[in-house]
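# Tertiary structure, described
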Amino acid sequence: MELTVNGEVRISQAANVAELLKEELEEGHSQRGIAVALNGQVVPRAEWQNARISKGDRVEIVRALPGG
Amino acid sequence: MADVTVFDDPLVVAGETFRSRLWIGTAGYPNQKVLLDSVRASRAEMVTMSIRRVSLAGQGFDTVRLLKDYKFLPNTAGCETARDAILTAELAREALETNWIKLEVIGDRETLYPDVQELLKATEELIARGFTVLPYCNDDPVVCQRLADLGAAAVMPMGSLIGSGMGVANPANIELICRRSPVPVVVDAGIGTASDAVIAMELGAAAVLLNTAVAKAADPVRMAAAMGHAVEAGRLAYLAGRIPRRGRAEPSSPQLGLVGS
């Protein structure tokens, strides 16, 4: 299934946000400071398991980094 | 004698109390240890963070864990529209579990000047969505007033261009803004060295937000300590009230009983 993740086209098997994060993040990546938006709407951490992903979805996966 | 310290004079923003009037950025330090040592040396209680897309190139170091004892102030740095800034703020709220946001909406990539129209729009919308909004803005009293009218928790006018180290370019404007503002004024951007932070505070700023001046100093930890002292010195001098300037000498020692004839 084709998705857009952080502006790039991806082929993914993920059924929900939690599974997509497993595909996208390095193994052992801390989940602190991570946030996800699905088609422009933020998905709260507690909903990652339930938030279903469909073909053509636009997903943003971000993290907190040093900043000024 | 009682201790004279700024601890008698806490900063209150949106109902939260800070003992330190220095807010410090976390970007551009030589390494993680220098970052942590600098934040500690500055005695700041709040640190700014950015929100960026996860990179497949790797996660880098975990700043969130490193600075877990500090209050996070995420920013929307780099956003050029209210729409992008609002989504970034929403993501920041989820990522860092805070509804505080340093709102930056940039109108020009070369000067990093705010886009006032988009800034006002984003401020209004984010307040409606329950954020505590701290907008980075022009050193313009009318813009600052509009932001306060919309419900900004503080206004953060620029001292001078971001990262420029030019200090407070227009002290008359900053003083005017501080005198009239119904909300705390945080001078943000442009600070180059400790004396710049002192000047901002002497002009009446409630706090100073800086990053590059410390991160890029030859010795960031020392400069961070200097900035901590500078905001305290400037605040105390502001509260104490300076003497008027005069164009001639005024002896400070008694004029009677001089030795000799």
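What counts, and where the lines are drawn
Residues numbered from 1 in each chain as written. Chains lettered and ligands numbered in written order. Predicted model: local features only at pLDDT ≥ 70, side-chain atom pairs only at ≥ 80, totals over all residues. Heavy atoms only, no water. pLDDT = per-residue confidence, 0-100. Contact = heavy atoms within 4.5 Å. Buried area = accessible area lost by both parts, 1.4 Å probe. Salt bridge = Lys/Arg side-chain N within 4 Å of Asp/Glu carboxyl O. Polar contact = N/O pair within 3.5 Å; in protein donor to acceptor, adjacent residues only side chain to side chain. Helix = DSSP H or I, 4+ residues; strand = E, 2+ residues; numbered from the N terminus. Nonpolar A, V, L, I, M, F, W, Y, C, P; charged D, E, K, R; others polar. Pairing = 2+ DSSP bridges. Buried < 20%, exposed > 50% of the residue type's maximum accessible area, 1.4 Å probe, protein only. Axes fitted to C-alpha atoms, helices over the stretch in contact; angles between N-to-C directions. Parallel < 35°, antiparallel > 145°, perpendicular 65-115°, else oblique. Left-handed = near helix turned anticlockwise from the far one by under 90°.

### Points about the confidence of the model for chain B
Looking at chain B as a whole, its pLDDT mean stands at 94, while 95% of the residues score no less than 70. Model confidence for the complex: the whole-complex pTM is 0.91, and ipTM, which rates the interface, is 0.91.

### Overview of the interface of chain A and chain B
Taken together, the 29 residues of chain A in the interface contact 32 residues of chain B. Taking both partners together, chain A and chain B bury about 2500 Å²; carbon and sulfur atoms supply 55% of that area. The three residues of chain A that bury the most area against chain B are R63(A), P66(A) and G68(A), which together make up 24% of that side's buried surface. Summed over the shared surface of chain A and chain B, the result is one salt bridge. Here E60(A) makes a salt bridge to R53(B), at a shortest N to O gap of 2.7 Å. Here chain A is connected to chain B by 13 residue pairs in polar contact (both at pLDDT 80 or more). Where the side of chain A that touches chain B is concerned, the elements lending two or more residues are β3 (34-38), β4 (41-43) and β5 (58-66) of chain A. The element best represented in the side of chain A that touches chain B is β5(A), accounting for seven residues. Class assignment for the residues of the side of chain A that touches chain B results in 13 nonpolar, nine polar and seven charged. Pairing between β5(A) and strand β4 (residues 46-53) of chain B: five bridges, direction antiparallel.

### What to know about the pattern of salt bridges
Going through the model one piece at a time under the given rule, you end up with 21 salt bridges over all chains. Two residues, E8(A) and R10(A), come together in a salt bridge whose shortest N-O distance is 3.3 Å. On the basis of relative accessible area, E8(A) is assigned to the partly exposed category, the value being 48%. A salt bridge links R65(B) to D62(B); the nearest nitrogen and oxygen atoms lie 3.7 Å apart.

### Some words on the sheet that holds strand β6 (residues 100-103) of chain B
All names here are of chain B. Spatially, the three strands line up as an open sheet ordered β6-β7-β8, and their pairing is parallel. Looking at the sheet topology across the chains shown, the edges are occupied by β6 and β8 (156-157). Bridge count between β6 and strand β7 (residues 132-137): four bridges; the pairing is parallel. Among the inter-strand pairings, K102 is bridged to a residue of β7, identified as L134.

### Thoughts on the side chain of D57(A)
All names here are of chain A. Considering the arrangement of structural elements, one finds D57 in the loop between β4 and β5. Polar contacts involving the side chain of D57 include one to the main-chain amide nitrogen of S54, which spans 2.8 Å. Not counting chain neighbours up to four residues away, the residues in contact with D57 comprise L3, T4, L38, N39 and R52.

### Considering the packing of helix α7 (residues 194-202) of chain B against helix α9 (residues 220-240) of chain B
Residues and elements named next belong to chain B. Contact geometry of α7 with α9 gives a least axis separation of 7 Å together with a crossing angle of 25 degrees. Comparing the axis directions of α7 and α9 gives the class roughly parallel. In this structure, α7 crosses over α9, and the sense of that crossing is right-handed. Mapping the contact onto sequence places A194, A197, V198, M201 and E202 in α7 and M223, A226, M227, A230, V231, G234, R235, A237 and Y238 in α9.

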